[in-house]
Amino acid sequence: DISSEEVDVSQLEDDSQFQEIEEEVEETPEPTPKLKGKKVAIDAGHQSVGDSSTEPVGPGASERKAKVAGRATGIRTGIPEYKLTLEIAKKLKKELKNRGYEVFMVRTKNDVNISNAERAVAVNKSGADICIRIHADGVDDHSVRGASALYPTKANPYVSHLSKPSQKLSNCVLNSYCAKTGIRN
């Protein structure tokens, strides 16, 4: 069992402390040999059943949020977000391993109850160099298309020092995703 007191906030998700990236950037090259062997943690967003009990938004914070919030369902596919994100996470794991990366999966099945804080602790304990959280957000406006990436802002009270490198990685991931899928932002 993982205690929320052990949480390293560098992995916590709180929308007020993250910026959204929705811009086109140059394509990311294949990893260089010096990057191979790095460890990537993959957190497939959500799970089959949400958990509305609360936890702090960050260590020492008095503000609280749901441990695992609601999720989206595909309009055309009818696939729940928790199933889609795990499917994508497993494909990403395979690709990263083929490229020489070590991979840590926060979850490997849908029937779990892992809070956001517990996910952060697990990622930090894994020794991962980076964490990628996968979500499939939805909006009520069916004309909206595109992809987004979230990263901590410079104003984030917990991890402002991660803003610039996180923005760079977010741009690379977003660009590569859009290039491979044909999605235009």
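Peer 1: Would you take a moment to explain the nonpolar core for this structure?
Peer 2: In a soluble, globular protein the nonpolar side chains are often hidden away together inside. Grouped together as the largest cluster of nonpolar side chains are 10 residues: Val40, Ile42, Ala44, Leu86, Ala89, Leu96, Tyr101, Val103, Met105 and Ile134. Secondary-structure elements contributing two or more residues to this core are β2 (39–44), α1 (81–98) and β5 (102–105). Setting aside chain neighbours within four positions, we find Val40 in contact with Leu96, Tyr101, Glu102, Val103, Phe104, Ala128, Ile130 and Ile132.

Peer 1: Would you mind showing me how to read α1 here?
Peer 2: Given 3.6 residues to a turn, an α-helix orients residues that are three or four positions apart in the same direction. Taking 1.5 Å per residue as the helical rise, α1 with its 18 residues ought to reach 26 Å, and the 26 Å between its terminal C-alpha atoms agrees with that figure. Looking at α1, one finds that the buried residues are Glu81, Tyr82, Thr85, Leu86, Ala89 and Leu96. End-on view of α1: buried residues confined to an arc of 120°, all on one side of the axis. The exposed residues of α1 that point more than 90 degrees off its buried face are Lys91, Lys94 and Asn98. If you follow the buried residues of α1, they end up packed against β2, β5 and β6 (130–134).

Peer 1: Explain the pattern of salt bridges here, please?
Peer 2: Any two side chains of opposite charge can pair if their charged atoms end up close together. In total, this model carries 5 salt bridges according to the counting rule given. With its nearest N and O atoms 2.9 Å apart, the salt bridge here joins Asp43 to Arg133. Residue Asp43 is found in strand β2, and its partner Arg133 is found in strand β6; the two are separated by 90 residues along the sequence. The exposure class assigned to Arg133 is partly exposed, which follows from its relative accessible area of 23%. Measuring nitrogen to oxygen at the nearest pair gives 3.6 Å for the salt bridge that ties Lys91 to Glu87. A residue pair is termed a helical-turn pair when its members lie 3 or 4 positions apart in one helix, as Lys91 and Glu87 do in helix α1 at 4 residues. The exposure class of Lys91 is exposed, given its relative accessible area of 55%. Overlapping salt bridges bring together Asp43, Arg119 and Arg133 as one network.

Peer 1: It is not clear to me how the sheet that holds β6 should be interpreted in this structure. Could you clarify?
Peer 2: Within a sheet, adjacent strands bond to each other through the backbone by hydrogen bonds, running parallel or antiparallel. Spatially, the 3 strands line up as an open sheet ordered β5-β2-β6, and their pairing is parallel. Edge positions in the sheet fall to β5 and β6, since each has one partner strand and no second. Here the average twist between neighbouring strands, direction ignored, is 25°. Pairing of β2 with β6, which is carried by 5 bridges, proceeds in the parallel orientation. Opposite Val40, over in β6, you have Ile130 as the bridge partner. Across the face of the sheet, α1 comes into contact with β2, β5 and β6 while running at roughly 165° to β2. Against the sheet, helix α2 (residues 116–126) engages β2, β5 and β6, with an angle of about 165° to β2.

Peer 1: Help me understand helix α3 (residues 163–181), please; the structure alone is not making it clear to me.
Peer 2: Taking 1.5 Å as the rise per residue, α3 with 19 residues should run 27 Å; its terminal C-alpha atoms sit 26 Å apart, in good agreement. Listing the buried residues of α3 in full gives Ser163, Ser166, Ser170, Asn171, Leu174, Asn175 and Cys178. Viewed along the axis of α3, the buried residues span an arc of 165°, placing them on a single side of the element. Exposed positions of α3 whose direction lies more than 90 degrees from the buried face are Lys168 and Lys180. The positive-phi residue at the C-terminal boundary of α3 is Gly182, with phi of around 80°.

Reading the values: rules and limits
Residues numbered from 1 in each chain as written. Predicted model: local features only at pLDDT ≥ 70, side-chain atom pairs only at ≥ 80, totals over all residues. Heavy atoms only, no water. Core = buried A, V, L, I, M, F, W, Y, C linked by side-chain atoms within 4.5 Å. Buried < 20%, exposed > 50% of the residue type's maximum accessible area, 1.4 Å probe, protein only. Helix = DSSP H or I, 4+ residues; strand = E, 2+ residues; numbered from the N terminus. Contact = heavy atoms within 4.5 Å. Expected span 1.5 Å × (residues − 1). Arc of directions from axis to C-beta. Salt bridge = Lys/Arg side-chain N within 4 Å of Asp/Glu carboxyl O. Pairing = 2+ DSSP bridges. Axes fitted to C-alpha atoms, helices over the stretch in contact; angles between N-to-C directions.

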